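So the chains spell out like this:
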Amino acid sequence: MLSAPCSQEDYVATKHSFNHLNMSLQQHAINVLRYWALVEEFTPPVVDKEYKSKNTRSIQSEVFEDKDIPWLEKHRFETHQNTHKHKWEYTVFLGVNRIKVLLKTIEAMFSDEKDGYNESSNQHTYLLAFKVDVNGKPLGNSLEIPDYIVALGCITQCDPPSLACLDPDKKAHIEQAIRDSVSDSCDGCALKKRIQPIDFSLLHCLLTNVLKIIGWEKIVKPPDTALQNAIVAHGKEIPFAEQGQEKSFFNSRFLNDINGALKKWQNDPAGISQALRQYLAPASPEQREDLTDRNVLRRYISPQFMAPARWPCAGDYPLAINQQVAVNLALQETSSSSIFSVNGPPGTGKTTLLNDIISNIIVKRAQALSTLANPTDAFGDPIEVVIDRITYTVRKPKPILQGYEIVITSSNNNAVENISKEIPSSKAIDAQWELDYFADLAQHILDIPDCWGLCAAVLGRQDHINKFFGKFWKSIKDDQAPGFNDWLLERMNNKPQAQADWQRAKKEFQSTYRTYTILLQQLTEVAQDLEQLNTITQQLQATEQQQQALAQQKLEYDAALAALEKPRALLEEKYNDCTERLNHCQQGNPGWWSCLSQSKEYKQWAFQQTKALGAQNVARQELEKWDQQAQEVQNKRYALTREQETLAKEHTRLQTALANQHKYIEHHKAALGPHLPDDTFWQQPEERLQQSTPWHSEALHKVRGTLFVKAMNLHRAFIGQAAIQFSDHLSSLNALIVNKKKWPNNEVAVL
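Residues numbered from 1 in each chain as written. Predicted model: local features only at pLDDT ≥ 70, side-chain atom pairs only at ≥ 80, totals over all residues. Heavy atoms only, no water.

> Can you tell me about the overall build of the protein, naming the residues and giving the values?
Per the secondary structure count, the protein includes 23 helices and ten strands. Expressed as a percentage of its 751 residues, the buried residues of the protein come to 41%. Contacts in the protein between residues far apart in sequence, at least 24 positions, make up 74% of those at least 6 positions apart. Accessible surface for the protein amounts to roughly 42,700 Å². Of this, 50% is attributable to carbon and sulfur atoms. (Helix = DSSP H or I, 4+ residues; strand = E, 2+ residues; numbered from the N terminus. Buried < 20%, exposed > 50% of the residue type's maximum accessible area, 1.4 Å probe, protein only. Contact = heavy atoms within 4.5 Å. Areas by Shrake-Rupley, 256 points an atom, 1.4 Å probe, with all protein chains shown as cover.)

Structure, rendered in structure tokens:
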């Protein structure tokens, strides 16, 4: 159950890749499983002092002496008698105490732990339980010992108490000691062989011995605290047809699976299924998205994530925004064997969205069926199995039929039964839909006054399974309603009609799906228009911001040019002065003879001229440098002006595009009304947003409901066209489950 089977090649490849994983993942998973196992092991079972069930006729609690015991006081419990239809039995709970007392005690035993258990509970638990008949005689193999009692018995053997003492051998020893004490205690009377009815003294003796075995005096001070409300007995009148079928779940139903997974992680981590590895892996914050973030919500409610079908519920209401997002994500995330969790308090619509998930799984399988030329192509070659001289024929379903199974399970049996009864009820379907999926047969089998289809059943317990198959398979023509086998035989005898029904149902489903695809594409285009509107708006805003930035930068360039003007005037004046001095110097040239003779006068003149020429060069270079800086600013300003012109054209274009896009959106808004999730929609207050139904289109809403109806019709026609295959298969399944025929393991897997 916890590990998916794989081929030898897959196993080797997985093992090789696993060696490269971070080993902290394996250790994390082991720690989680160890913690989980401890929680399951130390969770005390609850005994309800106000227990009620369909068979309970009276309740006796707080037994402190013989007169409180119903089988010893028959004159007070005259109705507690066996009949030809019913028998009476009692469940006896020893050592009843408040759970909160036990939890505080366990917490005190590990006082060094930083995290305490703060949950308060007024419920009661017990040390052990067993059943007796109407006369107080113990019923064989009815002894139940809670896991936490055995675990406490191991822990108290350590000083100080330690979880290290939870050794499997020690636990087995403690449990056996308790069983031996119950079997051979109290003056040598064996409980299971006892002739006289059990009285209070024997019960008190049994309880005292068990308290000693588990070291109760080390756990609770004073130890006689456990004797408060010492015994609670539930009297139950059980029909003979249901005797031995009721299963008690005093201990965890998950502990063996958890320990099996823990052993697998420790010894062969490569063999762990992907789903379990994902479930136990450390949380990755970067992979999480907060659905309270409206941008995230906006993305996952978009048409591209919309599930094809919907449940055509009574009232024909669409799902609210978070319900639809949960359905969209659940179908997307679980498409590759992933795990998806939806949490919410009672009354928030979890069952409602579950119906939508179911409808989409059915439609997904209908898509696969609609690709078949003939339904018989979905089955393999016949396999004959001879059991007790009877030949059964089975055919393995091909992969096209596999992977669409739906199992509803819970720790609360009533919750599962309620859902299983609600789904096929006509109250779950709006009156406008004429949906008939073996409705007459469903009404007879499920004991529901008005059904639309045989699409769910309360199974699990063997009596439920027997009851279901007893009505489902065998002929019930006497009741004016044919059994399913009769319907299949009718289809086999009228193959042309079955073929016509199949072709018609397939054509109608495919046509409806094409209509859905067209409408979804139209809605997708609306979403694209909205996205385009947002894109254009963002581009326009970006353009305007750029224009503002360029305008500001242009002002900065103008200011820079203005700042360059005054220093340049000074530099130009300096250059002119240097030029004038150079010209004046040249005019005082002493003549060629003075130059030829290198007179003193010439040398002085040459020095002054060189000095004036150098000063002019320096002044010219400074002026040229300044002009170069100014030219650079001018060039940038010119480029900026060109960019402004380009942006102005783009701004005009975007304004035109935005105006046109608004026209499209107004057209869409006329069609979708308040369901169009534009910017105004996402600005709603939180309470109104949570009640909203974005992307709700009347046409698409209708088609999505119709698609589910057509999918159910296609399934019915598929069964009718493959009546031989279904008859053989279900007949074999009936022989296995109801008639208890022993089948070869390989063929059981096929069934």
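Additional details are given in the paragraphs that follow.
> Explain the pattern of salt bridges residue by residue, including any values.
When the charged atoms of two side chains lie near each other, side chains of opposite charge can form a pair. By the definition in use, this model includes 21 salt bridges. Of the charged contacts, one joins K264 and D268 as a salt bridge, the two residues approaching to 3.4 Å between their closest N and O atoms. A residue is classified by how much of its surface remains accessible, and D268, at 15% relative accessible area, is buried. Residue R568 is joined to D627 by a salt bridge in which the shortest nitrogen-to-oxygen separation is 2.3 Å. Placement of R568 in helix α17 (residues 495–587) and of D627 in helix α19 (residues 600–672) is noted, with a sequence separation of 59 residues between them. Within this structure, K87, E89 and K131 form a network of salt bridges that share partners. (Salt bridge = Lys/Arg side-chain N within 4 Å of Asp/Glu carboxyl O.)

> Residues and numbers for unusual backbone geometry, please.
A positive phi is found at D316, a non-glycine position, where the angle reads about 55 degrees. Mapped onto the elements, D316 comes out in the loop between α10 (294–300) and α11 (321–333). Looking at D316, the relative accessible area reads 19%, which means it is buried. Positive phi values are uncommon outside glycine, yet W695 reaches one of about 65 degrees. Structurally, W695 can be placed in the loop between α20 (686–690) and α21 (698–721). Under the relative-accessibility criterion, W695 is labelled buried at 6%.

> Tell me about the packing of helix α15 (residues 462–472) against helix α22 (residues 723–737), residues and numbers included.
The geometry of α15 relative to α22 is characterised by a closest axis approach of 11 Å and an angle of 145 degrees between their N-to-C directions. Where α15 crosses over α22, the two elements pack in a sense that is left-handed. Contacts between α15 and α22 involve Q462, I465, N466, F469 and F472 from the former and L730, L733, N734 and I737 from the latter. Tallied by class, the residues present in the contact of α15 with α22 amount to six nonpolar, three polar and no charged. (Axes fitted to C-alpha atoms, helices over the stretch in contact; angles between N-to-C directions. Left-handed = near helix turned anticlockwise from the far one by under 90°. Nonpolar A, V, L, I, M, F, W, Y, C, P; charged D, E, K, R; others polar.)

> Explain a nonpolar patch on the surface to me, and be specific about the residues and the numbers.
The grouping of W592, W593 and L596 at the surface amounts to a nonpolar patch, some 470 Å² of accessible area in total. Mapped onto the secondary structure, L596 falls in helix α18 (residues 592–597). According to the relative accessible area criterion, L596 is exposed, its value standing at 58%. (Patch = residues over 30% accessible without salt bridge, like charges linked within 9 Å, V, L, I, M, F, W, Y side chains within 5 Å.)

> Please set out the pairing of strand β5 (residues 128–133) residue by residue, giving values where relevant.
Among the six residues that make up β5, five are buried, leaving the element largely enclosed by the rest of the structure. Note that strand β2 (residues 86–94) and β5 share six bridges and pair antiparallel. Note on β5: the bridge partner recorded for T91 is K131. (Pairing = 2+ DSSP bridges.)

> How would you sum up the packing of aromatic side chains? Please name residues and give values.
The full count for this structure, using the stated rule, is 21 aromatic pairs. Taken together, a centroid distance of 5.7 Å and an interplanar angle of 90 degrees make the contact between F468 and F469 edge-to-face. For the pair formed by F468 and F469, the shared burial category is buried. In this structure an aromatic cluster arises from ring pairing among Y437, F438, F468, F469, F472, F484 and W487. The residue whose ring lies beneath R716 is F438, and the NZ or CZ to ring-centre distance is 4.6 Å. (Phe/Tyr/Trp six-rings, centres within 6.5 Å; stacked < 30°, edge-to-face > 60°. Lys NZ or Arg CZ within 6 Å of the ring centre and 35° of its normal.)

> An account of the nonpolar core is requested, with residue identities and associated values reported.
Ranked by size, the top nonpolar core spans 85 residues in total, and within it L454, F472, F484, W695, F718 and I719 carry the most contacts. Looking at this core, the element that brings in the most residues is α17, giving 13 residues. For I719, the residues in contact, after removing those within four places along its chain, are Y437, F438, F484, W487, L488 and F726. Counting 38 residues, the second largest nonpolar core, distinct from the first, contains I69, I106, I145 and L206. (Core = buried A, V, L, I, M, F, W, Y, C linked by side-chain atoms within 4.5 Å.)

> Help me get a handle on the environment of S425, residues and values and all.
Within the fold, S425 resides in the loop between α13 (413–422) and α14 (439–446). For S425, a relative accessible area of 10% translates into the label buried. Sequence-wise, S425 and A442 are 17 residues apart; in three dimensions their C-alpha atoms are separated by 9.3 Å. Apart from the residues within four sequence positions on either side, S425 is in contact with I448, D450, C451 and W452.

> With reference to specific residues and values, describe the side chain of T125.
In this fold, T125 is placed in strand β4 (residues 124–125). Owing to a relative accessible area of 2%, T125 belongs among the buried residues under this scheme. In this structure the side chain of T125 is engaged in a polar contact, spanning 2.7 Å, whose partner is the backbone oxygen of P45. (Polar contact = N/O pair within 3.5 Å; in protein donor to acceptor, adjacent residues only side chain to side chain.)

> Can you tell me about α14, naming the residues and giving the values?
Because each turn of an α-helix spans 3.6 residues, side chains separated by three or four positions end up pointing in the same direction. The set of residues buried in α14 consists of A439, L441, A442, I445 and L446. In an axial view of α14, the angular spread of the buried residues amounts to 155 degrees, which keeps them on one side of the axis. Packed against the buried residues of α14 are α15 and α16 (484–492). (Arc of directions from axis to C-beta.)

> Kindly report on the state of the cysteines, identifying the contributing residues and their values.
Scanning the entire structure with this criterion turns up zero disulfides. The closest cysteine sulfur to the non-disulfide-bonded C451 is located on C455, 8.2 Å from its own sulfur. (Disulfide = S-S within 2.5 Å.)

> Report on the confidence of the model for the protein, specifying residues and quantitative values.
With 82% of its residues at a pLDDT of 70 or more, the protein shows a mean pLDDT of 80. At the low end of the mean pLDDT range in the protein sits helix α1 (residues 8–18), at 39; at the high end sits α21, at 94. A low-confidence stretch, residues 51–58 stays under pLDDT 50, and its non-local contacts, those more than four residues away or across chains, total 21 contacts. (pLDDT = per-residue confidence, 0-100.)

> Summarise the environment of T391; cite the residues concerned and give the values.
Inspection of the secondary structure puts T391 in strand β10 (residues 390–397). Residues T391 and S732, spaced 341 residues apart in sequence, show a C-alpha to C-alpha distance of 9.4 Å. Filtering out sequence-adjacent residues up to four positions away, T391 remains in contact with E384, V385 and V386.

> Provide a residue-level description of α22, including the pertinent values.
Across its 15 residues, α22 extends 21 Å between first and last C-alpha, which sits within 8% of the 21 Å expected from 1.5 Å per residue. For α22, the set of buried residues is A723, Q725, F726, S727, H729, L730, S732, L733, N734 and A735. (Expected span 1.5 Å × (residues − 1).)

> So, the environment of N295: which residues are in play, and what are the values?
Tracing the backbone shows N295 in helix α10. Residue N295 is classed as exposed on the basis of its relative accessible area, which comes to 54%. Between the C-alpha atom of N295 and that of W682, which follows or precedes it by 387 residues, the distance is 9.0 Å.

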